[in-house]
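Listed here are the chains, written in short residue letters.
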Amino acid sequence: MNKQTQCVHSGTRPDLQTGGINTPIFTSSAFTYLGKEVNPYPRYFNTPNQEAVVAKLCALEEAEDGLLFSSGMAAVVTTILALVRSGEHVVVQDELYGGTHAMLTGLLSRFGIRSSFVGKSVQSFAAAIEEQTKLIYIETPTNPLLGIVDIREVTALARDKGIITVIDNTFASPINQTPRTLGVDVVVHSGTKYLGGHSDLCCGAALFGREHGDRMRHAAVNLGGSLNAEACGLLERSLKTLHLRVSKQTENAAAIAAFLVEHGAVSAVHYPGLASHPGHQVARRQMSGFGAMLSFELGEEAPATDVFLKRLKMIVPALSLGGVESTICDPARTSHAKMSAEERQRVGISDRLLRLSVGIEHPDDVTADLDQALCG
Ligand SMILES: *Cc1c(COP(=O)(O)O)cnc(C)c1O
């Protein structure tokens, strides 16, 4: 099946009692065990609503097994704790989601899991590998500069050395990138972003091959970050329009990037769909669309960052991303505020950088709002 069709149909468990065509929401936390081989329980990650959503996500990510979590961070921490033990070592990108960075340097380092933070090239991943390296963890496109990691190169390197690979596929969504077809072992998502898509859900997912099922489930059951039935139902409904939303958002982002490139008050645009983007060729090979996230730099003629954000009339200055509404933030003061100013400068995050999550509005309305805020 094509992804459009999987979004609508995969995993649905129609209501056999009434003929209703949707998966009913089963709110029970107790299920009878008589005459049953498996006993569903919400924290065992095996209730009908959890399994319906996992089946849809497995189809979309070409995975054999998966787990649904109460947040993206629950998916990330469960995955790492399932696959790595004390004394072992993880190689990760230095351009990483802030929460994941903080978890590795704080909580996990206290339990003896060491991490090395490296650049985006396969050479820098290779140079950081030690005897104890168990896992390589990547994110592409990156936040907030939309840098691209060559997924095939990294998975080839890891496979050679028997190292497990994990990718945070939140930014691309399964519509624009299917990492398991490029050799990645485990795909994690913050479902709070594109999968939910309406800025009203907090959830996460991990999708993987059968060989990791036991260890992943064991850690998940112990850590307990499961998703309740009502949220599963909302997520299942959201996923039916995932392809429709993300392909429109991606199309709109390309139009908005083209507008910003031409704008006199904008000094730089970071979008993998632009031929000038350093990761463009790799993105072309490994993504089916360039995504709906972009960032840009206010030029000399533009107002101060604060003034620009206050002038916006429709685009909402907000954290989070991936919703149907366009949202914007300045990473130096929000997502990357915990980084020191020198560190930000080193990775290229200036105080005049803005990160835009493109929604499903008409792109002309988004560019009109940007234009009036840029020009005053
Ligand atoms: C938001 C986000 C997370 C964390 O997800 P939560 O749902 O907030 O726990 C992880 N990775 C990326 C790339 C994100 O954008």
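Structure first, text after, so check above.
About the thresholds
- Residues numbered from 1 in each chain as written.
- Predicted model: local features only at pLDDT ≥ 70, side-chain atom pairs only at ≥ 80, totals over all residues.
- Heavy atoms only, no water.
- Phe/Tyr/Trp six-rings, centres within 6.5 Å; stacked < 30°, edge-to-face > 60°.
- Buried < 20%, exposed > 50% of the residue type's maximum accessible area, 1.4 Å probe, protein only.
- Near = heavy atom within 4 Å.
- Polar contact = N/O pair within 3.5 Å; in protein donor to acceptor, adjacent residues only side chain to side chain.
- Areas by Shrake-Rupley, 256 points an atom, 1.4 Å probe, with all protein chains shown as cover.
- Nonpolar A, V, L, I, M, F, W, Y, C, P; charged D, E, K, R; others polar.
- Core = buried A, V, L, I, M, F, W, Y, C linked by side-chain atoms within 4.5 Å.
- Helix = DSSP H or I, 4+ residues; strand = E, 2+ residues; numbered from the N terminus.
- Contact = heavy atoms within 4.5 Å.
- Expected span 1.5 Å × (residues − 1).
- Arc of directions from axis to C-beta.
- Pairing = 2+ DSSP bridges.
- Right-handed = clockwise from strand over helix to strand, strands pointing away.
- Axes fitted to C-alpha atoms, helices over the stretch in contact; angles between N-to-C directions.
- Parallel < 35°, antiparallel > 145°, perpendicular 65-115°, else oblique.
- Left-handed = near helix turned anticlockwise from the far one by under 90°.
- Salt bridge = Lys/Arg side-chain N within 4 Å of Asp/Glu carboxyl O.

(A) Looking closely at the packing of aromatic side chains. Enumeration over the complete set of coordinates arrives at three aromatic pairs. An angle of 65° between the planes, with centres 5.1 Å apart, marks the rings of Tyr41 and Tyr44 as edge-to-face. A relative accessible area of 34% places Tyr41 in the partly exposed class. Looking at Tyr44, the relative accessible area reads 39%, which means it is partly exposed.

(B) Here's a closer look at the site of the ligand. Near the ligand, the surroundings consist of Ser71, Gly72, Met73, Tyr97, Asp168, Thr170, Ser190, Thr192, Lys193 and Cys203. Residue Gly72 places a main-chain N or O atom 2.9 Å away from an oxygen atom belonging to the ligand. Contact between the ligand and Asp168: a nitrogen atom at 2.6 Å from a side-chain N or O atom of the residue. For the ligand, the protein covers 90% of the area, taking 380 Å² as the surface of the free molecule. Its residues placed into classes, the shell around the ligand shows three nonpolar, five polar and two charged.

(C) Expanded view of the nonpolar core. In this structure, Leu294, Phe296, Phe308 and Leu370 are the most contacted members of the largest nonpolar core, which totals 52 residues. For this core, the element with the most residues is helix H10 (residues 242-262), which contributes six residues. Sequence-distant contacts of Leu370, defined by excluding residues within four places in its chain, comprise Ile256, Phe259, Leu260, Phe296, Phe308, Leu312, Ile315 and Leu356.

(D) Spatial organisation of helix H14 (residues 363-375). For H14, with 13 residues, the first-to-last C-alpha span of 18 Å sits near the 18 Å given by 1.5 Å per residue. Looking at H14, one finds that the buried residues are Pro363, Val366, Thr367, Asp369, Leu370, Ala373 and Leu374. Along the axis of H14, the buried residues cluster in a sector spanning 155°; they form a single face. Among the structural elements, H10, strand E8 (266-270), strand E9 (293-298), helix H12 (305-311) and strand E12 (353-357) are those in contact with the buried residues of H14.

(E) Representation of the pairing of strand E4 (residues 133-139) in the model. Counting buried positions over the seven residues of E4 gives six, a clear majority of the element. Bridge count between strand E2 (residues 89-93) and E4: four bridges; the pairing is parallel. Bridging across to E4, Val91 finds its partner in Ile136. Relative to strand E5 (residues 164-168), E4 is paired through five bridges, and the arrangement is parallel. Paired with Tyr137 across the two strands is Val166, which belongs to E5. Read from E4 through helix H6 (residues 151-160) to E5, the crossover connection turns out right-handed.

(F) Focus on the sheet that holds E9. Sheet architecture is open: five strands sit in the order E8-E9-E12-E11-E10, paired in mixed fashion. Looking at strand neighbours, the two that pair on one side only are E8 and strand E10 (316-317), the edges of this open sheet. Pairing geometry for E9 and E12, over five bridges, is antiparallel. Within E12, the residue paired with Phe296 across the bridge is Leu354. The sheet strands contacting H10 are E8, E9 and E12, and the helix crosses E9 at an angle near 15°.

(G) Region of interest: the packing of H10 against H14. One way to put it is that H10 packs onto H14 with a least axis distance of 9 Å and a crossing angle of 30°. In terms of orientation, H10 lies roughly parallel with respect to H14. Classified by chirality, the crossing of H14 by H10 is right-handed. Residues Asn252, Ala255, Ile256, Phe259 and Leu260 of H10 touch H14, and the partners they reach there are Pro363, Val366, Thr367, Leu370, Asp371 and Leu374. A class-by-class count of the residues in the contact of H10 with H14 yields eight nonpolar, two polar and one charged.

(H) Looking closely at the pattern of salt bridges. Per the stated rule, a full pass over the model turns up eleven salt bridges. For Glu95, the salt bridge is made with Lys120, and the minimal N-O distance between the two is 2.8 Å. Taken as a pair, Glu95 in the loop between E2 and helix H4 (98-110) and Lys120 in the loop between strand E3 (114-118) and helix H5 (122-128) lie far apart in primary sequence, 25 residues in all. In this structure Glu95 comes out as buried when scored by relative accessible area, which is 8%. The exposure class assigned to Lys120 is partly exposed, which follows from its relative accessible area of 31%. For Arg333, the salt bridge identified is with Asp330, shortest N-O distance 3.5 Å. Look at Asp330 and you get buried, because its relative accessible area is 6%. If you follow the salt bridges from partner to partner, you end up with Asp94, Glu343 and Arg346 in one network.

(I) Summary view of the sheet that holds E5. Ordered in space as E1-E7-E6-E5-E4-E2-E3, the seven strands form an open sheet in which the pairing is mixed. Whereas interior strands pair on both sides, the edge strands pair on one side only; in this sheet they are strand E1 (65-69) and E3. Neighbour-to-neighbour, the strand axes of the sheet open up by a mean angle of 20°, direction not taken into account. Direction of pairing for E1 relative to strand E7 (residues 204-208): antiparallel, over a ladder of five bridges. When the bridges of E7 are listed, Leu67 appears paired with Ala206. Sheet strands in contact with helix H8 (residues 213-223) are E1, E4, E5 and E7, and its direction is about 15° off that of E1.

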